[in-house]
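Architecture and fold: a report
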Amino acid sequence: QVHLVESGGGLVQAGGSLRLSCAASGRTFSSYGMGWFRQAPGKEREFVAGISRSGGGKTYPDSVKGRFTISRDNAKNTVYLQMNSLKPEDTAVYYCAARLGLGVIPTSDEYAYWGQGTQVTVSS
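Along each chain, the written sequence defines residue order, and numbers are assigned to residues from 1. Confidence filtering applies because this is a predicted model: local features only for residues at pLDDT of at least 70, side-chain atom pairs given and counted only at 80 or more, and all residues used for totals across whole chains, interfaces and linings. Each side-chain value is worked out from all heavy atoms of the structure, with water and hydrogens disregarded.

1. A closer look at the pairing of strand β4 (residues 32-39)
Summary of the burial criterion: residues with accessible area below 20% of their type's maximum are buried, those above 50% are exposed, and those between are partly exposed, where the area comes from a 1.4 Å probe applied to protein chains only. Each helix corresponds to a stretch of at least 4 residues labelled H or I by DSSP, and each strand to a stretch of at least 2 residues labelled E; elements are numbered beginning at the N terminus. Counting buried positions along β4 gives seven out of eight residues, so the element sits mostly inside the fold. Two strands pair when backbone bridges link them, and β4 and strand β9 (residues 92-100) are joined in this way by eight bridges, in the antiparallel orientation. Counterpart to W36 in the pairing with β9 is C96. Two strands pair if DSSP finds at least two bridges between them. With five bridges connecting them, β4 and strand β5 (residues 46-51) associate as antiparallel partners. Its bridge partner being in β5, W36 is matched across the sheet by A49. The turn joining β4 and β5, which pair antiparallel and follow one another in sequence, is formed by six residues; a positive phi near 80° is taken by G42.

2. Regarding the sheet that holds strand β8 (residues 78-83)
Pairing in this open sheet of four strands is antiparallel, and the strands run β1-β3-β8-β7 from one edge to the other. Among the strands making up the open sheet, the edge pair consists of β1 (4-7) and β7 (68-73). Neighbouring strand axes in the sheet, compared pairwise and without regard to direction, differ in orientation by 15° on average. The angle between two axes is taken between their N-to-C directions and runs from 0 to 180 degrees, where each axis is a line fitted to C-alpha atoms and a helix contributes only its stretch in contact.

3. Quick look at the state of the cysteines
The disulfide definition used here is simple: a pair of cysteine sulfur atoms within 2.5 Å. Tallying each qualifying case throughout the model produces one disulfide. Disulfide pairing is shown between C22 and C96; the S-S distance is 1.9 Å. Between C22 and C96 the sulfur-sulfur dihedral comes to about 45°; the bridge is accordingly right-handed. You can see C22 sitting in strand β3 (residues 18-24) and its partner C96 sitting in strand β9, a full 74 residues away along the chain. According to the relative accessible area criterion, C96 is buried, its value standing at 0%.

None of this, on its own, says anything about what the molecule does.
Structure representation (structure tokens):
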């Protein structure tokens with residue numbers, strides 16, 4: 001089992017940047033593929049980035065590709081989401097999630113462990 005805690009959210013103007021962090025408990029962090037998802041009020045949860053156990057595989061939806069970068073430091077049990085060129089439509093609660101297994105999976109149902117979320121608000 002793994003416990004996840006996100007941090008780094010906040011209020012930023014359009015065009016600005018934020019870096020989210022997700023700290024994981026446990027000794028087997030490198031066994032988990034990691035993902036970032038977001039959910040805006042009244043909308044479904046949306047995949048925004050995923051990274052494989054080693055960090056060698058990454059995937060993004062078109063909505064954030066070229067603006068968001070996911071990375072991980074297995075020595076620090078932490079996964080990051082660097083968000084640049086933020087837009088008002090990026091406003092949401094951002095969640096990190098973990099799943100055992102290979103590859104990068106963009107489907108929320110595949111992730112067994114979730115953090116509590118961190119609010120990101122982008123003003124226009």
